[in-house]
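Structural features, examined
So the chains spell out like this:
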Amino acid sequence: MKKFSLILALLTLTGTVSFAQKAFEGKIRYKKLDQPALAVEYDYPVAVVENALKAKMADLQLKYTAAKGFISYNNSSIPSITRSVLDYTFKTMPSAKNGKEKTTLYMIMEGGNNVVGDAATLATNGKTFLESLAPDVKRSDAIFQIKKQEDVLVTEEQKLQSLKDAYKELEEKMQKNLDQQQKQSRIIASQKSVLDDLKGN
C-alpha cells in the first residue's frame, strides 16, 4: 500500500505581510513510525486551529473520528488534493515562542495503489491545501474572540445585577428599619404622654 504523508506545522508569524509560513516537509510519529510530512505553524492556540480544520472539512461534508490526539477522516475525498479517496489524519501540537501561543498541525495521507497522481503532485497539492487554511484559522480566531468577549460581558452583567440585588436588599432593610423607628417613636411618644399624665396627677 502506498503511503503519502503531509504535516502541517504552524510557525511564528514574522510580520504582517504574510499570514503564515509556507508549508514545508517534516516528520510526525504515527502508528509507531516516524512518517514524512508537511509543516506550517500558526500563531494561534490549538482550539482555534482545530476548529478551523473541522469547519473546513465539514464544508466538504466529511466526518471525523478522534483517538489518541489524532483526528481522522477515513475514506474521504478532498478534491483540491486529489480525486482519489484517501485516509486523512491530522494532529495538532501546541507550542510557545517568545511568550506567544502557537500550534503545529500535522496531516498524514494514506491511500492504495489506485491513487490518482504521483507523490510529488500530491505533496504540492497537500501543501496548498494546508496553506489555504489560513483564512479559516483567522476566521476561527475571530469567532473565539467574539465568544470570549461575550463571556466577559455576561460575567460583568451578572456582577452588575448582583450589585443591584444587594442594593435593593439594603434599601428594603433601610425602609424596614425606618418603619420600625417611626413605630418606636410613636410608642415612646405614647409612653411619655402616660408619664406626663401620671406626673400631672
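Residues numbered from 1 in each chain as written. Predicted model: local features only at pLDDT ≥ 70, side-chain atom pairs only at ≥ 80, totals over all residues. Heavy atoms only, no water.

For a regular strand, side chains alternate in direction, first toward one face of the sheet and then toward the other. Of all 11 residues in strand 8 (residues 100-110), 9 are buried, a share of seventy percent or more. The pairing of strand 4 (residues 41-42) with strand 8 spans 2 bridges and is antiparallel. Directly across from Tyr-42, in strand 8, lies its bridge partner Thr-103. Alignment of strand 7 (residues 86-97) against strand 8, held across 11 bridges, turns out to be antiparallel. Looking at strand 8, one finds that Pro-94 is bridged to Thr-103. (Buried < 20%, exposed > 50% of the residue type's maximum accessible area, 1.4 Å probe, protein only. Helix = DSSP H or I, 4+ residues; strand = E, 2+ residues; numbered from the N terminus. Pairing = 2+ DSSP bridges.)

Looking now at the nonpolar core. Counting 28 residues, the largest nonpolar core has Tyr-42, Met-57, Ile-81, Tyr-88, Phe-90, Met-107 and Phe-129 as its most contacted members. When residues of this core are traced back to their parent elements, those giving at least two are helix 1 (46-59), strand 6 (70-76), strand 7, strand 8, helix 2 (119-131) and helix 3 (134-200). Looking at this core, the element that brings in the most residues is helix 1, giving 5 residues. When neighbours within four sequence positions are excluded, Ile-81 is seen to be in contact with Tyr-88, Met-107, Met-109, Leu-122, Asn-125, Gly-126 and Phe-129. Core analysis: the second largest hydrophobic core is formed by 5 residues, Ile-28, Phe-70, Tyr-106 and Ile-108 among them. (Core = buried A, V, L, I, M, F, W, Y, C linked by side-chain atoms within 4.5 Å. Contact = heavy atoms within 4.5 Å.)

The end-to-end C-alpha distance of helix 3, which contains 67 residues, comes to 98 Å, matching closely the 99 Å that a straight helix rising 1.5 Å per residue would cover. Every buried residue of helix 3 is listed here: Ala-134, Asp-136, Val-137, Ser-140 and Asp-141. Elements in contact with the buried residues of helix 3: strand 4, helix 1 and helix 2. (Expected span 1.5 Å × (residues − 1).)

Here we take up the environment of Ser-76. Along the chain, Ser-76 falls in strand 6. By relative accessible area, Ser-76 is classed as buried at 3%. Distance from Ser-76 to Tyr-64, taken between C-alpha atoms, is 9.6 Å for residues 12 residues apart in sequence. Excluding residues within four positions of it along the chain, Ser-76 makes contact with Leu-62, Ser-84, Val-85, Leu-86 and Tyr-88. Polar contacts involving the side chain of Ser-76 include one to the main-chain carbonyl oxygen of Tyr-73, which spans 3.3 Å. (Polar contact = N/O pair within 3.5 Å; in protein donor to acceptor, adjacent residues only side chain to side chain.)

It is worth spelling out helix 1 at this point. Helical periodicity: at 3.6 residues per turn, an α-helix aligns residues three or four positions apart in one direction. Counted at 1.5 Å a residue, the expected span for helix 1 with its 14 residues is 20 Å, and the 20 Å between its end C-alpha atoms agrees. Every buried residue belonging to helix 1 is among Val-46, Val-48, Val-49, Ala-52, Leu-53 and Met-57, and all of these are buried. On its buried side, helix 1 packs onto strand 4, strand 6, strand 7, strand 8, helix 2 and helix 3. Where helix 1 ends, the next residue or the one after it, Gln-61, has phi of about 60 degrees, a positive value.

Relative to each other, helix 1 and helix 3 sit at 120 degrees, their axes nearing to 8 Å. As far as their axial angle goes, helix 3 and helix 1 are oblique. Here helix 1 runs over helix 3; the crossing is right-handed. Here helix 1 contributes Ala-47, Val-48, Val-49, Asn-51, Ala-52 and Lys-56 to the contact with helix 3, which in turn contributes Asp-136, Val-137, Ser-140, Asp-141 and Phe-144. Along the lines of polarity and charge, the residues of the contact of helix 1 with helix 3 split into 6 nonpolar, 2 polar and 3 charged. (Axes fitted to C-alpha atoms, helices over the stretch in contact; angles between N-to-C directions. Parallel < 35°, antiparallel > 145°, perpendicular 65-115°, else oblique. Left-handed = near helix turned anticlockwise from the far one by under 90°. Nonpolar A, V, L, I, M, F, W, Y, C, P; charged D, E, K, R; others polar.)

Moving on, we come to the pairing of strand 3 (residues 33-39). Note that strand 2 (residues 24-30) and strand 3 share 7 bridges and pair antiparallel. Counted as the bridge partner of Ile-28 is Gln-35 from strand 3. Following strand 2, the chain reverses through 2 residues before pairing antiparallel with strand 3; Lys-31 in that reversal takes a positive phi of roughly 55 degrees.

By themselves, these are just geometric observations and shouldn't be taken as functional.
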